[in-house]
Amino acid sequence: MRSIFAAIIERPLLTAALLFALSLVGSSFLEEASPWPWAALCGTLALASARLRGRAPLVAALAALLAFGAAGPLSALLRGATRGAPDLSSGPVERLVEGTVAEQPRTDAFRTRTLFAVERVQEAEGWREARFGVRLSAPPSAGMTRGDRLRARLRIEAPVPPQNPGAPDLRSRYRAEGLIGHARVVDGQLAAIGPRSGLWSWTERFRARFRERSAKVIQGEQARALVDALAIGERAQLSEEVTEEFAASGLVHILSVSGLHVAVVAAGLFRLLLALLRRSTRLLRRFELRSAAALLSLPPMALYILLTGAEVPAIRSGLMAGVVLLAMVVKREAESLTTLGVALLAVLAFDPAALHALSFQLSFAAMAGLLLLSRPLRALIPFKAPSKEERGARARLRWCVDWLLSTLAASLAASLATWPIVAEAFHRLSLAGLLSNLVALPVASLLTICCAAAALLFPLAPLSHLLLMASGPLASLLLAINAFFAHLPMASLLVGSLSPLSLAAWLVLLFALAGRRPWRRWRKRLALASALLLAITFVHRTLAPRLNRELAVTFFSVGQGDAALVELPGGRRLLIDACGDPSGRFDAGERILLPALAELGATRLDALALSHPDADHVAGAPALLEKLDVRELWVAPNAERAPELSPILALARDKGVKLRALGAGSVPNERWGPARVEILGPPTTSEPLSDNDASQVIRISLGEISFLFAGDLERRGEALLLVKGGVASTVLKAPHHGSDSSSTPEFVAAVGAREVLFSAGRDNRFRFPKESVVDRYRATGARIWRTDLDGAVRFVTDGKALRVEPFVEATSGRPSPVMAGGRAD
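Here's a quick rundown of the structure. All of these numbers come straight from a predicted model, not from anything done at the bench. (Residues numbered from 1 in each chain as written. Predicted model: local features only at pLDDT ≥ 70, side-chain atom pairs only at ≥ 80, totals over all residues. Heavy atoms only, no water.)

So, the sheet that holds strand S22 (residues 783-786)
Strand pairing in a sheet takes place through backbone hydrogen bonds and is either antiparallel or parallel in direction.
Okay, step 1: Strand order in the open sheet formed by six strands is S17-S18-S19-S20-S21-S22, with mixed pairing between adjacent strands. Each of the sheet's edge strands pairs with one partner strand only, and the pair in question is strand S17 (676-681) and S22. The average angle at which neighbouring strand axes cross in this sheet is 20 degrees, direction not considered.
Okay, step 2: Of the strand pairs in this sheet, strand S21 (residues 755-758) and S22 are connected by four bridges, and their pairing is parallel. Its bridge partner lying in S22, Glu755 is registered against Arg783.
Okay, step 3: Relative to S21, helix H26 (residues 771-778) is tilted by about 165 degrees, and along the sheet it contacts strand S20 (731-733), S21 and S22. (Pairing = 2+ DSSP bridges. Helix = DSSP H or I, 4+ residues; strand = E, 2+ residues; numbered from the N terminus. Axes fitted to C-alpha atoms, helices over the stretch in contact; angles between N-to-C directions. Contact = heavy atoms within 4.5 Å.)

The following block contains the structure:
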């Protein structure tokens, strides 16, 4: 115990920072608490520490550390405090507001998104002061920039809970940042009031001029976009394909101006200034040049952060670099872990809500991994570096090998430390990242220096021009490296987030690898125990589906579209429809469906069935075919000729996926175990049918429980289906999202479902499901489930009892209803 206490006291700043961070984590549960009791506790502990400093130094130190712990909830409650915010508990509200654009807007073809700080709200009695923020979505023509003061009529909506497995929960982050929700401009009612902020107006003009100069100098469109991203933080022109390649190759961190870029710029500035100062004999005699170079590096580093948009990750990284430079200024040895602790404390004191930001978590986890794990991992590689006395070509070769191994160990250390965060946020494990970073980081560092210098020396046009000319080939080279690693086989794997038990075992394993005092003697035992536990959880996750005897169907909440995962006894999986956004604003398969499937462990599909070629059912299929192991692709017989399916079918052929056209009476195969899979539609008929009425209809049953997937059938399709019969089912996926052109009384009566699921988007413009259709099902005694209200809905049965698990209800902690024989107990 003494050694543990000594380890805590040995680095008081690190301990204080960790206590501050841990107390911030705990403050997430203090939603409506008052900050003043915490202020009183913090002040009392600080006063006690000061009074006991001379008489009981250890007690004084402990009181000081506890004061930092009490300061965490205090700062979090003050940061997240709001005033004059409208009540959103009953639903969205419209308000006329005034405020300031608080971050650099990001614009694409569909909208402009930014953070808007509201300062005044118009109520019935007139304008009143307010203090809260919203995530604002405005038309792309809004022409906003950071610092603009605006008046706008906004439709404000509270953040919704996560709708699917694997979806992030934004509510705690919103509360920490003082945001009450997201908002959109109503009917274009947005206008500027007063002059723009001089600083941000100047920054925007500079960024526009820099873009003009880079467009003249750099030829390749994506190379130019990459230079703009690293020089001025402008990523809008990077194509979605290039961004996806950066994610697959493990190099996506290069695109955001944050830790790597600020560290490279700060180190480059320091070395350049130190080299220049050392050329003066007079300065060498009169000043300590390392301190002077560190001090002179601070202003240009701050200017670079400003020119790149002063985004929060860059500011946090600037604070970290500033701590290191200031340590040089005051001539203090910057011990690595203490420096990390000071930077952590500085960042969280500046912005307590940063604790919830992904960039913050990745930055500090990677840095902690580098400091704690790099040397132990390098020591595990049986190759000794040459001694300082060794000379000759052989020694130089061994130095190169040692440098490569040390760099590889550092890359592995950062990857191991950040893997749980990456798995939770991106559901992807980049296997290429270890090697890609080894090759790409030297190029990326040199490119960052050239881009930053081109921006900082912009007034010196000839020199800036030359730097941009050098940046173009470097950017092209980096893009080529990125594309090479992104397209390697198995470059990245789809993974689910770690369970609490697996996460605990993983952290213990890293702790054991670090081997820090005073726990070093337990290192081997801890490593062995945690590795064994991880192996057990991995084997369980792999084998559990194969040993499962239940049938589970999960209807995902994918907006105005359809997607349902069928998990059959014995581990086989069938996905019915692949969702999609008809407007093309985003890839719903990539953003919604893949993370949800990864969270459920469905990285392999025995079949993907596309009921009909509408975009809201098939647009997500390419992402699934690219990222998952899909064995078969099922389509309706006449759908093969649909132009919407042509690129999907071509991709499936390239991937070696077996194509099958299945209509009424087709037998998919006999490998579904005790469950029965039937194809009921479309029927074989000589009369032409609409795409909706020609939907592939699938019925799956186990014992007494059955599921009917009716696609987008309308009246004619339903009538043809009823001619053949055999549609009675326990659970029905309502046809056509609850349109009044479907779900005829005859169809509703013939199916006789006790559970009816409507797949619809929140506030969709079609107003699906129609109230008359919902009432028609309710009149039969059926229970209604809606993906727009309940999120993903999961049905699990053993053939007799049926358990229903709505995801939104499950995340709120309420129990799930259980049914027997298809009827409520």
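Next, the rest of the story.
Points about the environment of Gln560
Okay, step 1: Tracing the sequence through the fold places Gln560 in the loop between strand S9 (551-555) and strand S10 (564-567).
Okay, step 2: For Gln560, a relative accessible area of 16% corresponds to the buried category.
Okay, step 3: Between the C-alpha atom of Gln560 and that of Asn764, which follows or precedes it by 204 residues, the distance is 7.0 Å.
Okay, step 4: Among all residues touching Gln560, those that are not within four sequence positions of it are Gly580, Asp616, His737, Ala760, Gly761, Asn764, Phe766 and Phe768. (Buried < 20%, exposed > 50% of the residue type's maximum accessible area, 1.4 Å probe, protein only.)

A look at a nonpolar patch on the surface
Okay, step 1: Side chains of Leu460, Leu463, Leu466 and Met469 sit close together on the surface and give an oily, nonpolar patch of about 380 Å² of accessible area.
Okay, step 2: Position of Leu466 relative to the elements: it lies in helix H17 (residues 461-486).
Okay, step 3: We classify Leu466 as exposed; its relative accessible area is 53%. (Patch = residues over 30% accessible without salt bridge, like charges linked within 9 Å, V, L, I, M, F, W, Y side chains within 5 Å. Areas by Shrake-Rupley, 256 points an atom, 1.4 Å probe, with all protein chains shown as cover. Salt bridge = Lys/Arg side-chain N within 4 Å of Asp/Glu carboxyl O.)

Side note on the nonpolar core
Okay, step 1: In terms of nonpolar packing, the biggest core is built from 39 residues, with Phe210, Leu226, Leu447 and Leu478 touching the most fellow members.
Okay, step 2: One finds Phe556, Ala621, Val635 and Ile648 within the second-largest nonpolar core, a separate group that totals 36 residues. (Core = buried A, V, L, I, M, F, W, Y, C linked by side-chain atoms within 4.5 Å.)

Some details on the pairing of strand S24 (residues 801-806)
Okay, step 1: Burial along S24 is one-sided: Leu802, Val804 and Pro806 are buried, and none of Ala801, Arg803 and Glu805, which face the opposite way, are.
Okay, step 2: Pairing analysis gives five bridges linking strand S23 (residues 793-797) to S24, with the strands arranged antiparallel. For Thr797, the partnering residue across the bridge sits in S24 and is Leu802.
Okay, step 3: Counting the residues in the hairpin turn of S23 and S24 gives three residues, including Gly799, whose phi is positive at 100 degrees.

A few points about the pattern of salt bridges
Okay, step 1: On inspection of all chains with the given rule, the structure shows 39 salt bridges.
Okay, step 2: Here Arg155 and Glu157 are joined by a salt bridge, their closest N and O atoms 3.9 Å apart.
Okay, step 3: Owing to a relative accessible area of 23%, Arg155 belongs among the partly exposed residues under this scheme.
Okay, step 4: Salt-bridge contacts for Asp562 lead to Lys733; the nearest nitrogen and oxygen are separated by 2.6 Å. A residue pair is termed long-range when its members are at least 10 positions apart, and Asp562 in the loop between S9 and S10 and Lys733 in strand S20 qualify at 171 residues. Here Asp562 matches Lys733 in class, with each residue buried.
Okay, step 5: Overlapping salt bridges bring together Arg572, Arg604, Asp606, Asp629 and Arg631 as one network.

So, the state of the cysteines
Okay, step 1: The final tally for this structure, using the stated rule, is zero disulfides.
Okay, step 2: No disulfide involves Cys450; its sulfur sits 6.9 Å from that of Cys451, the nearest cysteine.
Okay, step 3: On the accessibility criterion, Cys450 (11% relative accessible area) is buried. (Disulfide = S-S within 2.5 Å.)

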